[in-house]
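Listed here are the chains, written in short residue letters.
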Amino acid sequence: MNITKHLDCSLRDGGYYNNWDFNEDLINQYLQVLESLNIDCCEIGFRFFNKNGFKGSCAFTTEEFLGSIAIPENIRIAIMIKANELIINGELVLDRLKNLIPLKASQSKVDMVRVACHSEIIEKILPVFEFLNDHGYISCCNITQISDKTNKKLVELSSLLSSTKVDILYFADTLGSLTPISIKEIVKALRSHWSGQLGIHAHNNRGLALSNTLEAIEFGVEWIDSTITGIGRGPGNTLTEELILETRQKQLNTRNNLNLVPLIKIINNHFLPMKNKYSWGTNIFYYLASKYSIHPAYIQAMLKDYRYQEGDILASIDYLRDQGGKFFDCNKLHETLKRIKS
């Protein structure tokens, strides 16, 4: 039986709401909560190459920042980099990666590096995983927008990645369109050639993130993601508190049960106030976006823009459905506003 590894990415994914600007006291308390829950890995932030505009510490996750916080010894630390930041004019620029990852893992606070990438550029960035492997990092290839990939494409990706230095192959439901029924077919296709570890990152557009994650475990996926209260881009992710209750039942029913009090306290004192402010979580707009393969960033942007009323958002969803909205583009968003207001 496979041993499931649990990765919490509350600050990395939640940073889409506050520009990754979390105060140090919250970060330290959060890490202690993860330790109390026996979470295996914490993806604490991005390491962006582009530094335009204000962003907090969890956007860059520098070694200096990591050295300033209290990281529990038994929690691995992960960061995420975006593959498209390493590509210029269609070609991989390895110096950008060297700039982002200047140290070997033995000299760093980081244990794991996850690379978020569209399937179209995976072949170009394979040297990234060789670099990470040579530097001693656990490397993850996170294939985004997995729901729009055909079975044939998934088999091709499985074959391509089977002979690489990738340690963990993740499939991310960026558009929130997956259902439990589709999980089996995706895992089967990815397992056609890939024999390494698999991971799932679920989004909650349809309220199915938990069900999809549990189904993935059932079919042998070893790594599962979640965030506290589901905090994350657009509708958010699988809720850590729910996933814990579903996967740790034996521990909850014994004398050596998990202590849920720290988790409940950080939810009530920090995450629920943030949720009241930023309003992540699924709604009818995110649900529709998932049906039409529209990137949730469009919905998130419209919900916080006073110029969009409810009818305007619905009209924009119709426009993006017809024009194609898989990839977020500010110019296309502005175009929707012009069209519905004209």
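Bear in mind the structure is a predicted one, so any value in this text is a computation, not a measurement.

Rules and cut-offs
Every chain is numbered on its own, with residues counted from 1 as its sequence reads. Only residues with pLDDT of at least 70 are given local features in this predicted model, and only at 80 or more are side-chain atom pairs given and counted; all residues enter the totals for whole chains, interfaces and linings. The side-chain quantities take in all heavy atoms of the structure and omit both hydrogens and water. Angles here are taken between N-to-C directions and fall from 0 to 180 degrees, while the axes themselves are lines fitted to C-alpha atoms, restricted in helices to the stretch in contact. Strands are runs of DSSP state E lasting at least 2 residues, helices are runs of H or I lasting at least 4, and numbering of each runs from the N terminus. Here roughly perpendicular refers to angles of 65 to 115 degrees, roughly parallel to angles under 35, roughly antiparallel to angles over 145, and oblique to all remaining angles. Rotating anticlockwise by less than a right angle from the far helix to the near helix defines a left-handed crossing, while the corresponding clockwise rotation defines a right-handed one. Only heavy atoms matter for contacts: two residues are in contact if any of them lie within 4.5 Å across the pair. Each residue is assigned to one of three groups, with Ala, Val, Leu, Ile, Met, Phe, Trp, Tyr, Cys and Pro labelled nonpolar, Asp, Glu, Lys and Arg labelled charged, and all others, Gly among them, labelled polar. Think of it in three bands: residues with accessible area under 20% of the maximum for their type are buried, residues over 50% are exposed, and the middle band is partly exposed, with areas taken using a 1.4 Å probe on protein chains only. Any two strands with at least two DSSP bridges between them are considered paired. As used in this structure description, the phrase polar contact means that two N or O atoms lie within 3.5 Å; if the pair is within protein, one of them must be able to donate a hydrogen and the other to accept it, and residues adjacent in sequence are counted only when both atoms belong to side chains. Cysteine sulfurs are considered disulfide-paired once they come within 2.5 Å of each other. The criterion for an aromatic pair is that two Phe, Tyr or Trp rings (for Trp, the six-membered ring) have centres within 6.5 Å, with stacked assigned to planes under 30 degrees apart, edge-to-face to planes over 60 apart and tilted to the rest. Lysine NZ or arginine CZ positioned within 6 Å of the ring centre and within 35 degrees of the ring normal marks a charge as sitting over the ring. In what follows, salt bridge is the name for a side-chain nitrogen of Lys or Arg lying within 4 Å of a carboxyl oxygen of Asp or Glu.

(A) Quick peek at the packing of helix H14 (residues 310-323) against helix H15 (residues 330-341). Between H14 and H15, whose axes approach to 10 Å, the crossing angle comes to 120 degrees. When the axis of H14 is compared with that of H15, the two are oblique. The handedness of the crossing between H14 and H15 is right-handed. Contacts between H14 and H15 involve Asp312, Ala315, Ser316, Tyr319, Leu320 and Gln323 from the former and Lys332, Glu335, Thr336, Arg339, Ile340 and Lys341 from the latter. Broken down by class, the residue content of the contact of H14 with H15 amounts to four nonpolar, three polar and five charged.

(B) Molecular detail of the pairing of strand E9 (residues 197-201). Counted residue by residue, E9 has four buried out of five residues, so it is predominantly covered. Bridge analysis of strand E8 (residues 168-172) against E9 gives five bridges, and the strand direction is parallel. Across the sheet, the residue bridging to Ala172 is His201, located in E9. Where E9 lies against strand E10 (residues 223-226), two bridges are found, and the strand directions are parallel.

(C) Expanded view of the side chain of Thr336. Locating Thr336 in the fold gives a position in helix H15. Of the polar contacts made by the side chain of Thr336, one reaches the side chain of Tyr308; its length is 3.4 Å. When neighbours within four sequence positions are excluded, Thr336 is seen to be in contact with Tyr308, Ser316, Tyr319 and Leu320.

(D) Region of the structure containing the sheet that holds E10. Strand order in the closed barrel formed by eight strands is E1-E2-E3-E6-E7-E8-E9-E10, and the pairing between neighbours is parallel. Strand-to-strand twist of the sheet, defined as the mean angle between neighbouring strand axes without regard to direction, takes the value 25 degrees. When strand E1 (residues 5-8) meets E10, the two strands line up parallel, connected through four bridges. Note on E10: the bridge partner recorded for Lys5 is Trp223. Strands in contact with helix H2 (residues 24-36) are E1 and strand E2 (41-46); relative to E2, the strand with the most contacts, it is inclined by about 155 degrees.

(E) Fine view of the state of the cysteines. Inspection of every chain in the model, using the stated rule, returns zero disulfides. Here Cys140 is not disulfide-linked; the sulfur of Cys41 is the nearest cysteine sulfur, at 7.7 Å. The buried category is assigned to Cys140, whose relative accessible area is 0%. Looking at Cys141, it has no disulfide partner, and the nearest cysteine sulfur is the one in Cys117, 3.7 Å off. Owing to a relative accessible area of 0%, Cys141 belongs among the buried residues under this scheme.

(F) Examining the environment of Ile294 more closely. Here Ile294 is to be found in the loop between helix H12 (284-291) and helix H13 (296-303). For the pair Ile294 and Arg191, spaced 103 residues apart in sequence, the C-alpha to C-alpha distance is 27 Å.

(G) Local environment of the packing of aromatic side chains. Considering all chains together, one arrives at eight aromatic pairs under this definition. Between Phe46 and Phe48, the ring centres sit 4.4 Å apart and the planes meet at 20 degrees, which makes this aromatic pair stacked. Overall, Phe48 belongs to the buried group, its relative accessible area being 6%. Counting every residue linked through ring pairs, the aromatic cluster contains Tyr16, Trp20, Phe46 and Phe48. Above the plane of the ring of Tyr170 lies Arg114, whose end atom (NZ or CZ) is 4.5 Å from the centre. The aromatic ring of Tyr287 is capped on one face by Arg206, whose charged end is 5.6 Å from the ring centroid.

(H) Geometry of the pattern of salt bridges. Applying the stated criterion to the full structure yields 14 salt bridges. One salt bridge in this structure joins Arg12 and Glu43, with 2.8 Å as the shortest N-O distance. Of the two residues, Arg12 is situated in helix H1 (residues 10-18) and Glu43 in strand E2; the sequence distance between them amounts to 31 residues. When its relative accessible area of 5% is taken as the criterion, Arg12 is described as buried. A relative accessible area of 0% means that Glu43 is categorised as buried. Residues Arg307 and Asp305 are paired through a salt bridge, measuring 2.7 Å at the closest nitrogen-oxygen approach. For Asp305, a relative accessible area of 16% gives the class buried. Within the structure, one salt-bridge network assembled from shared partners comprises Arg12, Asp13, Glu43, Arg114 and Asp225.

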